[in-house]
Amino acid sequence: MQNILEFPEVLRLIEDRSAAFRAAIASAPDLDVQVPTCPDWTLRELAQHLGDGRRRQAAIVAAGPGAEPPAKTDPKGAPTAPRDREALDAWLAESTELMLDAMREAGPDRGCWTWWGRSQAPETSGAVARHQIQEIAVHTYDAQLTQGAAQPLPTDAAVEGVDEFLTTVSATTVPWPFKPATIDLHTTEGRSWRLTLSADGVRCDDLAADAEPGDMAMRGAASELVLYFYERVPLDGLETTGDTEPMEQLADWDPNA
């Protein structure tokens, strides 16, 4: 399978979703309200999480290949995000830029530590960048939803996000412990994939145009699929055919348990 987007476009989408997140935070009347889709966090804590995470990813990418992530330099953890609105916005912008600078310096093909060693995704800075689009895009949705103004993920980020999730999060070489199955996923934007669940693990491939139907099929806008993957919307909001049990098992299965 080939990445959908080139590296510069991936970085552009990171910038775009980061700006959208900052806009959602800046326009929020109250940053101490609970985030419905992240109920343990307030909007302020969500902003802290996003900023901390981008700074951590900057350090991981800059460190290059390794069997373990680089040690955190501050044993007390990251500094608290500023409470002042303008300072918070500047801190979030700086967090994103630190990560983007590390990714530009590394380029898409340099190795670095990742948590997905048994997936189909490579352990490279380019793969980390792809995953960061989804991290930021979904949390932007969370921030918008908190204000009652949730927007679908942009089409290019969402289609990339379906492919990225299936190859990075769903795919694994850990044997599938349930009945073998195939799951076809179709976006209304025109891209389709097949997950094959078997004793060899979970494999994602582009769905051939002449393929026989799988055991289950899901169809929806790419944004809806990504939000389902990240447990923001329920499965019954998507069009499904066939036996939904394999997808439900996959959503509940932890191959590393």
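Residues numbered from 1 in each chain as written. Predicted model: local features only at pLDDT ≥ 70, side-chain atom pairs only at ≥ 80, totals over all residues. Heavy atoms only, no water.

Novice: What exactly am I supposed to notice about helix H3 (residues 85-106) here?
Specialist: Counting along an α-helix, one turn takes 3.6 residues, and residues three or four places apart therefore face a common direction. Across its 22 residues, H3 extends 32 Å between first and last C-alpha, which sits within 8% of the 32 Å expected from 1.5 Å per residue. Among all positions in H3, only Leu88, Trp91, Leu92, Ser95, Thr96, Met99, Leu100, Ala102, Met103 and Ala106 are buried. All buried residues of H3 lie within an arc of 165° about the axis, which places them on one face of the element. Seen from the buried face of H3, the exposed residues on the opposite side, beyond 90 degrees, are Glu86 and Glu105. Turning to H3, the residues buried within the fold contact helix H1 (7-27), helix H2 (43-63) and helix H4 (125-146). Between the side-chain oxygen at the start of H3 and the backbone nitrogen of Glu86 there is a gap of 3.2 Å, and the oxygen is on Asp84. Looking at the residues trailing H3, positive phi occurs at Gly107, about 75°. (Helix = DSSP H or I, 4+ residues; strand = E, 2+ residues; numbered from the N terminus. Expected span 1.5 Å × (residues − 1). Buried < 20%, exposed > 50% of the residue type's maximum accessible area, 1.4 Å probe, protein only. Arc of directions from axis to C-beta. Contact = heavy atoms within 4.5 Å. Polar contact = N/O pair within 3.5 Å; in protein donor to acceptor, adjacent residues only side chain to side chain.)

Novice: Is there a simple way to explain the environment of Phe178 in this structure?
Specialist: Position of Phe178 among the secondary structure elements: in the loop between helix H5 (155-170) and strand S3 (181-187). Taking the C-alpha atoms as reference points, Phe178 and Trp253, 75 residues apart in sequence, are found 9.9 Å from one another. Each residue touching Phe178, except ones within four places of it in the same chain, is listed here: Gln249 and Trp253.

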